[in-house]
Amino acid sequence: MDGLGSKNNESTFPSFVDLDKFLTKHNSNFIWLLVATILSCGWIIYLTYYNSRNIGLILTLIINRLYKDGYIHIGVFTGSFVTQ
């Protein structure tokens with residue numbers, strides 16, 4: 001009977017030992033720079049889109065409380081700081 005105790009642990013993700021061997025063999029500073037850059041770009045994109053949807057929701061609620069004759073919906077509110 002193959003139970004959980006005899007499970008073969010061959011996954012696509014490397015273990016911490018394999019990762020440590022790889023980083024010591026290669027230039028680990030450059031690899032960590034790439035990882036940090038990719039993660040920070042992803043985080044900034046996530047925050048930008050998520051927060052713009054929240055600001056749109058808040059603006060919709062505020063405008064609809066002030067404007068009683070109909071319903072106004074703002075899905076996403078964005079602004080750019082690099083425009084002239």
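Residues numbered from 1 in each chain as written. Predicted model: local features only at pLDDT ≥ 70, side-chain atom pairs only at ≥ 80, totals over all residues. Heavy atoms only, no water.

### Focus: helix 2 (residues 28-66)
Here is the rule we go by: Segments assigned H or I by DSSP are reported as helices when at least four residues long, segments assigned E as strands when at least two residues long, and all are numbered from the N terminus. What a helix is expected to span follows from its residue count: subtract one and scale by 1.5 Å. For each residue, the accessible area found with a 1.4 Å probe, counting protein chains only, is set against the maximum for its type, and the residue is called buried under 20%, exposed over 50%, and partly exposed in between.
Between its first and last C-alpha atoms helix 2 spans 56 Å; for 39 residues at 1.5 Å apiece the expected length is 57 Å, and the two agree. All of the buried residues along helix 2 are Ser 52, Gly 56, Thr 60 and Asn 64.

### Side note on the confidence of the model for the protein
Here is the rule: Note on scores: pLDDT gives the predictor's confidence for each residue, bounded by 0 and 100. Any two residues whose heavy atoms approach within 4.5 Å at even a single point are treated as in contact.
This prediction gives the protein a mean pLDDT of 78; 81% of its residues lie at or above 70. Confidence drops under pLDDT 50 across residues 1-7; counting only partners more than four residues distant or on other chains, this segment forms zero contacts.

### Quick look at the side chain of Asn 64
What counts, and what does not: What qualifies as a polar contact is a pair of N or O atoms within 3.5 Å, subject to a donor-acceptor requirement within protein and to the restriction that residues adjacent in sequence count only when both atoms come from side chains.
By secondary structure assignment, the location of Asn 64 is in helix 2. What makes Asn 64 buried here is its relative accessible area of 17%. In this structure the side chain of Asn 64 is engaged in a polar contact, spanning 2.9 Å, whose partner is the backbone nitrogen of Ile 72. Dropping the residues within four chain positions of it, Asn 64 is found in contact with Gly 70, Tyr 71 and Ile 72.

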